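As a plain string of letters, each chain reads:
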Amino acid sequence: FRDLNDDQGHEVGDQLLRAVAARLNQLPIEHFMQARFGGDEFILLLEGLSLFRDRALLQMEQHVKTVLEVLGQPFILDDGQAHTGTASIGIAMFSDAPDEPRELIKRSELAMYAAKNAGRSGFSFFDPSMQAQVRLRAELEAGMRRALEQDEFRLWYQPQFDVDGHLIGLEALVRWQHPDQGMISPADFIPVAETSGLILPLGRWILRTACEQLVEWRQHPILGRVPIAVNISARQMQHEHFVEDVCSILDQTGANAASLELELTESLLVLDVEQTIRKMQRLRQRGVHFALDDFGTGYSSMSYLKRLPLDKLKIDQSFVRDLMTDPNDAAIIRTIVALGRSLDLSVVAEGVETDEQRQALIASGCRGFQGYLFSRPGSARELEQSLPLQH
């Protein structure tokens, strides 16, 4: 901005300011207002963030990256030239200075100067702990990109059993074998994959690896008869080429589509139910099966539920955990089992850790189980070695 003012005059600089303001007004962000604070500084006031600090931080990261991307595009001014600049963003949360607007602005300015010192086209939080958390997430994202390139991810499998102890399915669970930090839990890296978009290449890798495992186990006397379930994120399902990607992986690996089960969550359904149903129906025509994961924790509409081409409901482990002490959880489980029976769906309870839970689930009519009582997740080789003892 300063260079443009010095080279072409304040009139052209003012054009740039108006163009920046116009772009900010068109940001794809809900509940915000903007003001020009002075010179080339603008203030964006964002409302509607989560009350939970970690979630609010994720939302802020996404919004700030959107702003940087929008302002990083060239501006065409009256001189016909394309002008490209950079923005530095400082962030202060209202909790940093409640009831003190001037102090809040001062803190956001300090954060902005920190962002400038760290390099152009970046952002910084006033709160050091939040900044450290953002830095850690950035390092984790960079590490995941490297891990995809260097084949550091692994698929583990957790068996599912029926009431007679027969193996009825396997759930594929991704793990990260970090060269320095050892095995990293998906709880640490999946949220980063979701917000960064890395869930798309990671999801394709998981699907391909699971299908390759299906082919490898095709002749196995036990594992060749059971499906492998793969968790699908909302971002994957929303991708315009999701159906084509799944079909392409099935074609390339030669896996039997009838042995592939895709697990969706209830939260995914509220985003675009009609589009989700269409994609599920196309994959069902190919032979792919579907399960609704974490059932009972979302807000599935019965009108939609009966239209979904589902094969299975999975009772969320939060209900199983307190089954023996909370009558409400026991009632919810009985309701889910009855719902599954009325819709001709199988029902599997997750997180079964004690025989008391298993017996209570059986009494509720549940006939499928997954959890540490039966088997912990393990590699394909570990699963093969443990089967004679469990089957």
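Before reading further, recall that the structure is shown in the block above.
Residues numbered from 1 in each chain as written. Predicted model: local features only at pLDDT ≥ 70, side-chain atom pairs only at ≥ 80, totals over all residues. Heavy atoms only, no water.

A. Examining the overall build of the protein chain more closely. When you go through the protein chain residue by residue, the secondary structure sums to 16 helices and 15 strands. When the backbone C-alpha atoms are referred to their principal axes, the protein chain occupies close to 80 × 50 × 45 Å. Expressed as a percentage of the 391 residues in the protein chain, the buried residues total 45%. Of all intrachain contacts in the protein chain linking residues separated by at least 6 positions in sequence, the fraction that spans at least 24 positions is 62%. Looking at the protein chain, you have 39 positive and 56 negative side-chain charges, and the mean spots of the two groups are 3 Å apart. (Helix = DSSP H or I, 4+ residues; strand = E, 2+ residues; numbered from the N terminus. Buried < 20%, exposed > 50% of the residue type's maximum accessible area, 1.4 Å probe, protein only. Contact = heavy atoms within 4.5 Å. Lys, Arg positive; Asp, Glu negative; His and termini not counted. Charge placed at Lys NZ, Arg CZ, Asp CG, Glu CD.)

B. Structural view of the packing of aromatic side chains. Under the defined criterion, the tally for this structure stands at eight aromatic pairs. With a centroid separation of 6.3 Å and an interplanar angle of 50°, the aromatic rings of Phe-153 and Trp-205 are classed as tilted. Linking Phe-153 in strand β7 (residues 153–162) with Trp-205 in helix α7 (residues 199–216), this pair joins segments that are 52 residues apart in sequence. When its relative accessible area of 2% is taken as the criterion, Phe-153 is described as buried. (Phe/Tyr/Trp six-rings, centres within 6.5 Å; stacked < 30°, edge-to-face > 60°.)

C. Structural view of unusual backbone geometry. One non-glycine residue with positive phi stands out, namely Asp-151, at about 60°. Along the chain, the position of Asp-151 falls in the loop between α5 (128–149) and β7. By relative accessible area, Asp-151 is classed as partly exposed at 47%. Not every positive phi belongs to a glycine, and Asp-294 is a case in point at roughly 55°. In this structure, Asp-294 sits in strand β12 (residues 289–295). The exposure class assigned to Asp-294 is partly exposed, which follows from its relative accessible area of 23%.

D. Quick peek at empty space enclosed by the protein. Under the counting rule described, the total for this entry stands at two cavities of 30 Å³ or more. Approximately 60 Å³ is the volume attributed to the largest cavity. Lining of the largest cavity is provided by Leu-200, Arg-204, Leu-207, Gln-236, His-239, Phe-242 and Asp-245. Those elements that place two or more of their residues in the lining of the largest cavity are α7 and α9 (242–253). Of the residues that constitute the lining of the largest cavity, the class distribution is three nonpolar, two polar and two charged. (1 Å grid on protein atoms, 1.4 Å probe; cavity = no way out; pocket = protein on both sides within 12 Å on 5 of 7 lines; lining within 4 Å. Points joined across faces, edges and corners; volume = space filled by probe spheres on them. Nonpolar A, V, L, I, M, F, W, Y, C, P; charged D, E, K, R; others polar.)

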